[in-house]
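# Survey of secondary and tertiary structure
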Amino acid sequence: MIREVAELKIKSGEEEAFVAAVAEAVPHFRTARGCKSMRLERVVEAPEIFRLIVIWETLENHMVDFRESDGFQAWRGLVGGFFAEPPKVDHSEVALVGFE
């Protein structure tokens, strides 16, 4: 499994509208090939910063299947106007589980 984390800085005053737009985009992730889960977290110390966390079966599911899909275009159409700066995205995989 691949964990995508996208750090999203949102324009001041637009945070609640952004959350609503992400909620509207959930079906695009739910139906995306290889997408296992997605959630949006808000940074407590910096409320204009959010982290979109998506679990993919493979990196290709995100970088090819989703990025080249109509769902990705719809996602960006819904949320792209809220970004104060380009998203910072990275991918990771589990190296060790201490406990859950």
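For every chain, the first residue of the written sequence is number 1, and numbering continues from 1 onward in sequence order. In keeping with the model being predicted, local features are shown solely for residues with a pLDDT of at least 70 and side-chain atom pairs are shown and tallied solely at 80 or more, while totals for entire chains, interfaces and linings include all residues. Note: side-chain values were computed over all heavy atoms of the structure, leaving out hydrogens and water.

Here we come to the nonpolar core. Counting 21 residues, the largest nonpolar core has Phe-18, Phe-29, Trp-56 and Trp-75 as its most contacted members. The set of elements that each furnish at least two residues to this core consists of β1 (2-9), α1 (15-30), β3 (49-56) and α3 (70-79). Per-element tally for this core: the top contributor is α1, with 5 residues. Contact between two residues is taken to exist if any of their heavy atoms lie within 4.5 Å; hydrogens are not considered. For Phe-29, the residues in contact, after removing those within four places along its chain, are Cys-35, Met-38, Leu-52, Val-54, Trp-56, Phe-66 and Trp-75. Among buried residues, those of type Ala, Val, Leu, Ile, Met, Phe, Trp, Tyr and Cys that are joined through side-chain atoms within 4.5 Å constitute a nonpolar core. Type-normalised accessible area, obtained with a 1.4 Å probe on protein chains alone, sets the label of each residue: buried when under 20%, exposed when over 50%, and partly exposed for intermediate values. Numbering goes from the N terminus for both helices and strands, where a helix is a DSSP run of H or I of at least four residues and a strand is a run of E of at least two.

Two elements, strand β2 (residues 35-42) and β3, share 7 bridges in a ladder whose sense is antiparallel. Bridge assignment links Leu-40 to a residue of β3, and that residue is Leu-52. With antiparallel pairing between neighbouring strands as the criterion, β2 and β3 make up a hairpin whose turn holds 6 residues. Strand pairing is defined by DSSP finding a minimum of two bridges between the two strands.

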